[in-house]
Amino acid sequence: MRTHTVPGIRSSKVRAGSDPLVMVTAYDAPGGRQAHAAGVDIILVGDSLAMAVLGYDDTLQVTTEDIAHHTAAVHRGLRSSTAEGPLPLLVADMPWMSYHTGTADAVRNAATLVRAGAQAVKLEGGGKRLPVVEAIVEAEIPVMGHIGLTPQSVHAMGGFRVQGRHHDAALALRDDAKALASAGCFAIVLEGVPDKVAEMVTEAVEVPTIGIGAGPATDGQVLVYHDVLGIEERVRPKFARRYAEIGEASVAALRAFAEDVRARRFPTDDESYHLSAEVAESLSLYGGSGSD
Ligand code: KIV
């Protein structure tokens, strides 16, 4: 089956005439198949797994093994997808501490994610991550950068705060993006930065920028699956547009199931298996009306 490729994504600059890239997170096989059926370009198995799926308060709790486990599930989902259109590029997030202890550890952990099915990895940080980016790229594993609000630095940043609001910080973001692109990143996520800063960064680099909470001027947009679908009320970031209210619909469906069970409306005869009349009789049962 045709698939989106790293070189194809790398050359997708809006200023060169490309449509904006669409990236969404997914964490399991059905999510992967849905994203393919919806025609997205890139699936990210994000470390947002920690908060969106596993119930943690930040992203620091997930491990390489967690991300590999969910990457493999998304990969299996994509392999069995019957939807038309090219498969999305599958990118796996490198979690906190999987690339902070040296380049050899980083390459080994990136390889674990590739063996789980990822075609590329994403990691957070600018200038100080260049040796790690270069080492992973040198091992033939494509790397997506991620700068701005980097959730793995939540404690260092003093919370989940918009970055690059001031002159020097904005210029530092631009320098980080240029350095990441020079080090070999094929795309860069810009998270939680003012729209004008995202525009300046996007203009400064030859690789596509993919924004989240970064305004409309980036070369693509990414949202978390659970935010797009309105699965939970817990956190509702300003930038996350909801396209459905699946959380409410799920509660309503589960409530209806509970009510039907308690009122003995579920299951019906049609929803039950039956013995043949002969076997029912041999067991001294009544009501056998032909097997199915
Ligand atoms: O983990 C994640 O979902 C991400 C996106 C928000 C870019 O890093």
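Calculation criteria
Residues numbered from 1 in each chain as written. Predicted model: local features only at pLDDT ≥ 70, side-chain atom pairs only at ≥ 80, totals over all residues. Heavy atoms only, no water. Domains from an automatic or database assignment. 1 Å grid on protein atoms, 1.4 Å probe; cavity = no way out; pocket = protein on both sides within 12 Å on 5 of 7 lines; lining within 4 Å. Points joined across faces, edges and corners; volume = space filled by probe spheres on them. Nonpolar A, V, L, I, M, F, W, Y, C, P; charged D, E, K, R; others polar. Near = heavy atom within 4 Å. Polar contact = N/O pair within 3.5 Å; in protein donor to acceptor, adjacent residues only side chain to side chain. Areas by Shrake-Rupley, 256 points an atom, 1.4 Å probe, with all protein chains shown as cover. Buried < 20%, exposed > 50% of the residue type's maximum accessible area, 1.4 Å probe, protein only. Helix = DSSP H or I, 4+ residues; strand = E, 2+ residues; numbered from the N terminus. Pairing = 2+ DSSP bridges. Right-handed = clockwise from strand over helix to strand, strands pointing away. Contact = heavy atoms within 4.5 Å. Lys, Arg positive; Asp, Glu negative; His and termini not counted. Salt bridge = Lys/Arg side-chain N within 4 Å of Asp/Glu carboxyl O. Arc of directions from axis to C-beta.

*Asks:* So what's going on with the domain arrangement of the protein? Residues and values would help.
*Replies:* What the domain assignment lists for the protein is domain 1 (6–244) and domain 2 (250–284). Distance between the C-alpha centres of domain 1 and domain 2: 46 Å.

*Asks:* Which residues make up the layout of surface pockets, and what values go with them?
*Replies:* Taken as a whole, the largest pocket spans an internal volume of roughly 960 Å³. Along the walls of the largest pocket sit 37 residues, with E191, I212, D227, P237 and F239 positioned nearest its centre. Residues that form the lining of the largest pocket fall into these classes: 18 nonpolar, eight polar and 11 charged.

*Asks:* Could you give me a rundown of the site of the ligand, with the residues and numbers involved?
*Replies:* Around the ligand, the neighbouring residues are T25, L44, G46, D47, S48, D93, K122, H146, V189, I212 and V224. S48 has a polar side-chain atom sitting 2.5 Å from an oxygen atom of the ligand. Within the contact set of the ligand, an oxygen atom lies 3.2 Å away from a side-chain nitrogen or oxygen of D93. Contact with the protein chains removes 96% of the 260 Å² of surface that the ligand exposes when unbound. Broken down by class, the residue content of the shell around the ligand amounts to four nonpolar, four polar and three charged.

*Asks:* Break down the pairing of strand β3 (residues 89–93) for me, with residues and values.
*Replies:* Summarising burial for β3: five of the five residues are buried, a large majority. The side-chain alternation of β3 yields two buried faces, one formed by L89, V91 and D93 and the other by L90 and A92. Here four bridges tie strand β2 (residues 42–45) to β3, and the two strands are oriented parallel to one another. Residue pairing across strands places I42 opposite L89, the latter belonging to β3. Across three bridges, the pairing between β3 and strand β4 (residues 120–122) is parallel. Across the sheet, the residue bridging to D93 is K122, located in β4. Regarding the hand of the β-α-β motif, the stretch spanning β3, helix α5 (residues 103–115) and β4 is right-handed.

*Asks:* Could you give me a rundown of the environment of A29, with the residues and numbers involved?
*Replies:* Of note, A29 is situated in helix α2 (residues 29–37). Along the sequence, A29 and S80 sit 51 residues apart, while their C-alpha atoms lie 8.8 Å from each other. Apart from residues no more than four positions distant in its own chain, A29 is found in contact with A73, V74 and G77.

*Asks:* Requested: an account of the side chain of E191, with residues and values cited.
*Replies:* Its location among the elements puts E191 in strand β6 (residues 187–191). Although buried, E191 forms no salt bridge, and the nearest oppositely charged side chain, K122, lies 6.2 Å from it. Sequence-distant contacts of E191, that is, excluding residues within four places in its chain, are made with H146, I147, G148, L149, P151 and I212.

*Asks:* Mind laying out the pairing of strand β5 (residues 143–148), listing which residues take part and the relevant values?
*Replies:* For β5, the tally of buried residues reaches six of six residues, placing the bulk of the element in the interior. Burial of the side chains of β5 extends over both faces: V143, G145 and I147 are buried on one face and M144, H146 and G148 on the other. Strand direction decides the pairing type here: β4 and β5, joined by two bridges, are parallel. Note on β5: the bridge partner recorded for V121 is V143. Following the backbone out of β4, through helix α6 (residues 130–138) and into the adjacent parallel β5, one traces a crossover that is right-handed. Pairing of β5 with β6 involves five bridges; the strand directions are parallel. Its bridge partner being in β6, M144 is matched across the sheet by A187.

*Asks:* An account of α2 is needed here, citing residue identities and associated values.
*Replies:* Among the residues of α2, those classed as buried are A29, G31, G32, A35 and H36. Burial along α2 is one-sided: seen end-on, the buried residues are contained in an arc of 165°. At its buried positions, α2 is contacted by β1 (21–25), β2, α4 (64–79) and α10 (225–229). For α2, the capping residue at the N-terminal end is D28, with a side-chain oxygen 2.9 Å from the backbone nitrogen of G31. Phi turns positive, to about 80°, at G39, one or two residues after α2.

*Asks:* Could you give me a rundown of the environment of P216, with the residues and numbers involved?
*Replies:* Structurally, P216 can be placed in the loop between β7 (209–212) and β8 (220–223). Overall, P216 belongs to the exposed group, its relative accessible area being 73%. In this structure, the C-alpha to C-alpha distance between P216 and H146, residues 70 residues apart in sequence, is 17 Å.

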